[in-house]
There are 2 protein chains.
Amino acid sequence: MSEDHAAKLWDLLIIGAGPAGLSAAIYAGRGGLSALVLDKLGPGGQVAVNHLVENYPGFPDGVAGLKLSEEMGRQAEHFGAVMEVSEVTGVEIGDGRFTLSTEQGTRQGRALVIASGCAPRELGVPGEREFYQRGVSYCATCDGPLFREKDLIVVGGGDSAVWESLFLSKIARRVTVVHRRDQLRAEPAVQKQAFAQPNIEFLWSHVVTAILGEDSVRGVRVRHVATGEEREVPAAGVFVAVGVVPQTAFLPEEIARDEAGFVKVNAADLATSQEGAFAAGDVREGAFRQIACAVGDGALAYRSARHYLEGSR
Amino acid sequence: MSEDHAAKLWDLLIIGAGPAGLSAAIYAGRGGLSALVLDKLGPGGQVAVNHLVENYPGFPDGVAGLKLSEEMGRQAEHFGAVMEVSEVTGVEIGDGRFTLSTEQGTRQGRALVIASGCAPRELGVPGEREFYQRGVSYCATCDGPLFREKDLIVVGGGDSAVWESLFLSKIARRVTVVHRRDQLRAEPAVQKQAFAQPNIEFLWSHVVTAILGEDSVRGVRVRHVATGEEREVPAAGVFVAVGVVPQTAFLPEEIARDEAGFVKVNAADLATSQEGAFAAGDVREGAFRQIACAVGDGALAYRSARHYLEGSR
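Thresholds applied
Residues numbered from 1 in each chain as written. Chains lettered and ligands numbered in written order. Predicted model: local features only at pLDDT ≥ 70, side-chain atom pairs only at ≥ 80, totals over all residues. Heavy atoms only, no water. Buried < 20%, exposed > 50% of the residue type's maximum accessible area, 1.4 Å probe, protein only. Helix = DSSP H or I, 4+ residues; strand = E, 2+ residues; numbered from the N terminus. pLDDT = per-residue confidence, 0-100. Pairing = 2+ DSSP bridges. Right-handed = clockwise from strand over helix to strand, strands pointing away. Disulfide = S-S within 2.5 Å.

### A word on helix 5 (residues 159-169) of chain B
Note on helix geometry: an α-helix contains 3.6 residues per turn, so any two residues three or four positions apart are oriented the same way. Of all 11 residues making up helix 5 of chain B, 9 are buried, and the element is well covered by its neighbours. Looking only at helix 5 of chain B, the buried set comprises B:Ala161, B:Val162, B:Trp163, B:Glu164, B:Ser165, B:Leu166, B:Phe167, B:Leu168 and B:Ser169.

Here it is as structure tokens:
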């Protein structure tokens, strides 16, 4: 099968099988375009590891992230999109086509949807991976409601850390924001909100050095950045919000990115700086990193890619 | 309950309970904002009349439009959004708030999401209004079952016209699709299904000039767009599927619209020309009128409204 994939000139190559990529694939397949979806892990992206998705419209009782991913994958295949588990390591542009390098050879297509998503930036401390999904989370909107009336830690000081703290403060008993500096980087209006919230506390000038627990998280060890003094702070959950890393290192310079690595797009049609290449979902600049928005992006990227293909035939 | 609705200053008023409005409501409720959703008909919008939704990601076997709508409505209520069946007839802006006129009194909110969607476009020919609900319909799913073993006309050539034809072909004796062009605009996969259906016929390059009947419809008069030749085609029912009109007549001039009536927005955050007011889904300019895109818009409008609210406290 892999040889067929290599021989073929696909209408649409889709990098990433998260909700954005799969939505584009569903639309492309149903719309009669030949579409190949490449993902190093298979259907799901970050969604697949989310044990309960509560906010994707249509599932009032929530849906397991893995199940939702599999259903989207099945839907894309039902309409004829082809899925391949393969990591894309490079993209070449020329002769009116996109040529992807993968571990299984090259793949060629006439249009490209980049939906490779983001990975959360990790703290890189002991316990972080061990307790992932057992108290360690990278998404307050996703997992916050599981910690009703608990004590929580948020790590970070940027907009998303403060946003997450505000969100969590409506749910949790107490939220402690651990930040390495002595002031926030978040927007003043958002900061003001957080300072006004009685159950949000700030632990300034501290870094988390370890996440502690047995079966699940029971707290964190923190260190004062100036004095070096260490102590433990108890908590049932730790929300790490020190940023995300867009997965765009494999892209060529023709596809422009912002300083953080997000693909620059025209928000109205998701066109990138390279004609015929579109970006959808978390990987693109300005995204609200939610499944609902990713599927919308996927559908829109399909429409734009289709317009491009029809115009270039 | 209605009096409570009137007395309250809501964080967010949402006009329209289609997928865009309900997605905004799910996010708002889950995010701790007080949100009131107003719709003259209840949950669903145009989706509710769609007998099978095939392309909303997450439902590989398709889902009935009515069921999907109800599930989204239930999800919004689960997170605390309040639904009210009430038509919004006007919007006043002043004193940092939005005041909606409804048939049950006024409703006030600090931010606004306009998700009022679109209504079917009329042909504007003699007999159309006269025979509405007596043979003339804009919804095959709603009215199709009334025409068992009859001959029907569908007017239009886009996706929805072809979908309605397919649906009606399972019920009616024969379906004739009258289209002004000599080919369909519908998606290739959908076209293919229609061409394969033995009791669907196509009357190309014709327009309907009148709907004929006495007590109820007995046929249509059609005209060939090139030759001008007119003739009558007998039918017991006429299903009109020639596009949509945005439902924005109730909006004040502060909220700018394009020539067709769609709300102008900044595609990046869905902000309208009026601070604090956002537009989501089919009603906004540039929308790809798909459920996937509507739910993405709803979530994004929530984020923008939330930023606005946080900044304006």
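What follows continues from the structure just given.
### Side note on the confidence of the model for chain A
Per-chain confidence: chain A averages 93 in pLDDT, with 96% of residues scoring 70 or above. Interface predicted TM-score (ipTM) for the complex: 0.83; the corresponding pTM is 0.83.

### With respect to the pairing of strand 10 (residues 174-178) of chain B
Residues and elements named next belong to chain B. Burial of strand 10 is extensive: 4 of the 5 residues sit out of reach of the surface. In this sheet, strand 10 lies alongside strand 9 (residues 151-155) in parallel orientation, the contact comprising 5 bridges. Within strand 10, the position partnered with Leu152 by the bridge is Val175. Following the chain from strand 9 across helix 5 to the adjacent parallel strand 10, one finds a crossover that is right-handed. As paired strands, strand 10 and strand 11 (residues 200-203) are joined by 4 bridges and run parallel to one another.

### Some details on unusual backbone geometry
Residue and element names in this part refer to chain A. Look at Glu149: it is not a glycine, yet its phi comes out positive at around 65°. With respect to the helices and strands, the residue Glu149 is situated in the loop between helix 4 (140-143) and strand 9 (151-155). Although it is not a glycine, Ser205 adopts a positive phi angle of roughly 55°. Within the secondary structure layout, Ser205 lies in the loop between strand 11 (200-203) and strand 12 (206-213). When its relative accessible area of 14% is taken as the criterion, Ser205 is described as buried.

### Focus on the state of the cysteines
As enumerated under the stated definition, the model contains 0 disulfides over all chains in all. Here A:Cys118 stays free of any disulfide, with the sulfur of A:Cys139 as its closest cysteine sulfur at 12 Å. Left without a disulfide partner, B:Cys293 is nearest to the cysteine sulfur of A:Cys293, which lies 11 Å away.

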